[in-house]
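# A closer look at the structure
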Amino acid sequence: MAAKFPQFTLRIPQKQLDKLHYIAEYNARSCNRELELLIRLHINTFEKEHGEISEEDIKGMNK
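Residues numbered from 1 in each chain as written. Predicted model: local features only at pLDDT ≥ 70, side-chain atom pairs only at ≥ 80, totals over all residues. Heavy atoms only, no water.

## Section: the pattern of salt bridges
Inclusion rule: Within this document, salt bridges are pairs made up of a side-chain nitrogen of Lys or Arg and a carboxyl oxygen of Asp or Glu, the two lying within 4 Å of each other. Relative accessibility decides the category of a residue: with a 1.4 Å probe and only protein chains considered, values under 20% of the type maximum give buried, values over 50% give exposed, and everything between is partly exposed. Each helix corresponds to a stretch of at least 4 residues labelled H or I by DSSP, and each strand to a stretch of at least 2 residues labelled E; elements are numbered beginning at the N terminus.
Under the defined criterion, the tally for this structure stands at two salt bridges. Put simply, Glu 34 and Arg 29 hold a salt bridge, and the shortest N to O gap is 2.8 Å. Overall, Arg 29 belongs to the partly exposed group, its relative accessible area being 33%. Note that Arg 33 is salt-bridged to Glu 36, the shortest N-O span being 3.1 Å. Of the two residues, Arg 33 and Glu 36 both sit in helix H2 (residues 31–50), three residues apart, roughly one turn of that helix. Taking relative accessible area as the criterion, Glu 36 reaches 30% and is therefore assigned partly exposed.

Encoded structure:
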């Protein structure tokens, strides 16, 4: 059974989506996996520059 992950709707111009699909296929990944990788890399880069994002940081933004 597939894991239950939250879903997120993304609005993106068709041309960018087409290019993302091309890159994902080139990398032998689904478009979803390609986006997951890009997000993970972006978070890692952010945290290297600004420090780790803690649960308290996340909870604090929702106030």
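## A few points about the packing of helix H1 (residues 14–26) against H2
Just so we agree on the cut-off: Orientation is described by axes fitted as lines to C-alpha atoms, over the contacting stretch for helices, and by angles from 0 to 180 degrees between their N-to-C directions. Angle categories: roughly parallel below 35 degrees, roughly antiparallel above 145, roughly perpendicular from 65 to 115, and oblique for all the rest. By the convention used here, residues are in contact when the closest approach between their heavy atoms is within 4.5 Å. All amino acids are sorted into three groups, where Ala, Val, Leu, Ile, Met, Phe, Trp, Tyr, Cys and Pro are nonpolar, Asp, Glu, Lys and Arg are charged, and the leftover types, Gly among them, are polar.
Relative orientation of the contacting elements H1 and H2 amounts to 90°, with a least axis distance of 9 Å. Considering their axes alone, H1 and H2 lie roughly perpendicular with respect to each other. Contact residues: H1 offers Leu 17, Leu 20, His 21, Ile 23 and Ala 24, while H2 offers Cys 31, Glu 34, Leu 35 and Leu 38. When grouped by side-chain class, the residues that make up the contact of H1 with H2 number seven nonpolar, one polar and one charged.

## Comments concerning a negative patch on the surface
We apply this condition: Patch rule: a residue counts if its relative accessible area is over 30% and it has no salt bridge; like charges are joined within 9 Å, and nonpolar side chains (Val, Leu, Ile, Met, Phe, Trp, Tyr) within 5 Å. Residue burial considers only the protein chains on display, and all accessible areas are found by Shrake-Rupley using a 1.4 Å probe. Positive residues here are Lys and Arg, negative ones are Asp and Glu, while His and the chain termini are left out of the count. By convention, charge coordinates are those of NZ in Lys, CZ in Arg, CG in Asp, or CD in Glu.
Judged by side-chain charge, Glu 52, Glu 55, Glu 56 and Asp 57 come together as a negatively charged surface patch. With respect to the secondary-structure elements, Glu 55 resides in helix H3 (residues 55–61).

## Comments concerning H1
Note the threshold: Multiply 1.5 Å by the residue count of a helix minus one, and that product is the helix's expected span.
Its 13 residues place the ends of H1 18 Å apart at the C-alpha level, agreeing with the 18 Å of an ideal helix rising 1.5 Å per residue. Once H1 finishes, Ala 28 follows within two positions and takes phi at roughly 60°, a positive value.

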